[in-house]
Amino acid sequence: MKKIPYGESHYPSLIQQGYVYVDKTPYIQLLEEYQAKYLFFLRPRRFGKTLFLSTLEYYYDHKNKDVFLEFFGETSIGKTPTSLKNQYYILRFNFSGITTSTKEVLLESFTQKVIESLEKFLEKYHLAVEYDTSGLPATID
């Protein structure tokens, strides 16, 4: 019997650990055809926004070429992939846990989250990029 993925929003975990997964991958092709400059996913809490973004991340990330069939083989998009599958470097931001007690603390916390995301991105793809941190809040430097 498959498990219900309550609170699970990491796409590979659902597939690898045998959770129930309602295939939303047909929407990937629709999103590509839509060609919007900006997309907004407005849904109530616990409606699968993060899981869908995780699905998009693993579909488009070129680091996942070797596991494409494992993750998407039984899905709609796995059976008819688009030409953009596994074609991008994915920069993921996670703004959960930002401290908002004051405007200054908010700015510092937000900036730290952005820097952490950039560092993970550079490490993941083994990119040697220098960036200027001058002008950032003093505790970030």
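Our subject is the structure that appears above.
From a predicted model like this one, the values you see are computed outputs, not experimental measurements.

Cut-offs and rules
Residues numbered from 1 in each chain as written. Predicted model: local features only at pLDDT ≥ 70, side-chain atom pairs only at ≥ 80, totals over all residues. Heavy atoms only, no water. Helix = DSSP H or I, 4+ residues; strand = E, 2+ residues; numbered from the N terminus. Contact = heavy atoms within 4.5 Å. Polar contact = N/O pair within 3.5 Å; in protein donor to acceptor, adjacent residues only side chain to side chain. Salt bridge = Lys/Arg side-chain N within 4 Å of Asp/Glu carboxyl O. Buried < 20%, exposed > 50% of the residue type's maximum accessible area, 1.4 Å probe, protein only.

Colleague: Looking at this structure, how should I read the environment of Asn94?
Modeller: Mapped onto the fold, Asn94 is located in the loop between helix H5 (76-79) and helix H6 (103-124). Ignoring anything within four residues of it in the chain, the contact list for Asn94 reads Lys113 and Ser117. A polar atom in the side chain of Asn94 sits 2.7 Å from the side chain of Ser96.

Colleague: Got a minute to help me understand the pattern of salt bridges in this structure?
Modeller: If charged atoms from side chains of opposite charge come close, those side chains can pair. With the rule as written, the count across this model stands at three salt bridges. Here Lys124 makes a salt bridge to Glu57, at a shortest N to O gap of 3.9 Å. Taken together, the residues Lys124 in helix H6 and Glu57 in helix H3 (residues 49-60) connect sequence positions 67 residues apart. Note on Glu57: relative accessible area 12%, which makes it buried. Of the charged contacts, one joins Asp61 and Lys124 as a salt bridge, the two residues approaching to 2.4 Å between their closest N and O atoms. Taken as a pair, Asp61 in the loop between H3 and helix H4 (68-72) and Lys124 in helix H6 lie far apart in primary sequence, 63 residues in all.

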